[in-house]
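Okay, here's what each chain looks like letter by letter:
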Amino acid sequence: MNHLSQNLTAKRDALIRALADCGSCAVAFSGGVDSAVVAKAAQLALGDNVVLVTGTSAALAEGELRAARELAALIGVRHVEIPTEEFDNPSYVANAPDRCYHCKSELYTQLDRLAERAGMNVVVNGANADDLSDYRPGMLAAAEHRVRSPLAECRITKAEVRELAAAWELPVAEKPASPCLSSRVAYGQEVTPERLAMIDGAERFLRSIGFRELRVRYHAGDMARIEVPIGEIAELCDDEVRAAVVQKFAEFGFKFITLDLS
């Protein structure tokens with residue numbers, strides 16, 4: 001097990017105590033590093049009085065649900081999947097800057113119902129201390145549904161979350177952040193399952209040829225804007241790679257393929 005600083009050891013212990021005080025909890029579980037650390041801490045604090053809940057919809061990238069299942073099994077906590085229906089909400093589909101609020105409102109509504117059926121006292125999420133300084137409409141939805149954020153409550157930052165994940169030997173310790181696919185669609189462009197499938201296919205193709213940190217953004221007119229680290233831009237512009245990207249993105253339905261030079 002990795003050695004933790006005295007400060008982070010104290011935060012870890014506070015996290016476990018905070019979850020123990022809940023008595024039982026349902027964890028909003030995406031399978032990313034934040035929710036994985038909360039899940040592991042909840043398992044240590046509460047044993048079997050925990051359920052991990054993953055919302056499923058077209059906004060979930062292919063492979064993420066399978067990875068969440070495998071991670072839940074590794075942690076050893078009951079895992080439940082619930083279909084969410086954010087695409088039935090016109091305010092979500094319209095994709096204004098508050099889109100995430102509508103998505104999280106749907107997720108937490110479903111989580112509230114499940115927690116009540118399962119006899120869980122509290123719903124918790126994976127928001128960390130760094131998230132409090134960002135514009136995150138989903139946090140408003142969490143507050144409205146009285147969802148607790150134990151990482152943020154214990155002032156645990158993203159870097160510290162990764163340290164804890166490594167100490168607990170969770171395989172997602174170095175996993176890049178992977179927000180839902182809808183976050184790739186430019187504000188004002190409708191979020192549709194078809195557009196999300198285009199984005200998902202394009203990102204999976206880039207990962208298959210060796211790129212790890214990346215985003216494919218959807219803009220008006222079926223335009224893709226590819227983001228990779230500056231040090232990898234030249235590699236993406238290699239003639240052979242560029243030609244393969246153009247061909248595959250066209251197959252996915254993109255009419256224009258651009259590269260973000262910044």
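Our structure is the block above this text.
Predicted model, so just to flag it, every value in this text is computed and none were measured.

Q: Teacher, can you tell me more about unusual backbone geometry here?
A: With glycine set apart, most residues show a phi of negative sign, and most peptide bonds adopt trans. The phi torsion at asparagine 95 lies on the positive side, around 65°, for a residue other than glycine. Residue position: asparagine 95 is located in the loop between helix H4 (90-94) and helix H5 (99-118). With phi around 60°, arginine 155 is a residue other than glycine that occupies positive phi space. Its place among the elements puts arginine 155 in the loop between helix H7 (150-153) and helix H8 (158-167).

Q: Would you mind showing me how to read the environment of valine 93 here?
A: Along the chain, the position of valine 93 falls in helix H4. Through-space distance from the C-alpha of valine 93 to that of glutamate 64 is 22 Å; in sequence the pair is 29 residues apart. For valine 93, the contacting residues outside a window of four places in its chain are Phe87, Gln189, Glu190 and Val191.

Q: How should the nonpolar core be read in this particular structure?
A: Most often, soluble globular proteins keep nonpolar side chains buried together rather than apart. Residues Leu15, Cys25, Val27, Val37, Val50, Leu52 and Leu170 are the most contacted members of the largest nonpolar core, which totals 37 residues. For this core, the elements supplying multiple residues, two or more each, are helix H1 (6-22), strand S1 (25-28), helix H2 (33-46), strand S2 (50-56), helix H3 (64-75), strand S4 (122-124) and H8. In terms of residues, this core owes the most to one element, H2, which gives eight residues. With residues near it in sequence (within four places) discarded, leucine 52 still touches Val27, Phe29, Ala39, Ala72, Val77, Arg78, His79 and Val80.

What counts, and where the lines are drawn
Residues numbered from 1 in each chain as written. Predicted model: local features only at pLDDT ≥ 70, side-chain atom pairs only at ≥ 80, totals over all residues. Heavy atoms only, no water. Helix = DSSP H or I, 4+ residues; strand = E, 2+ residues; numbered from the N terminus. Contact = heavy atoms within 4.5 Å. Core = buried A, V, L, I, M, F, W, Y, C linked by side-chain atoms within 4.5 Å. Buried < 20%, exposed > 50% of the residue type's maximum accessible area, 1.4 Å probe, protein only.

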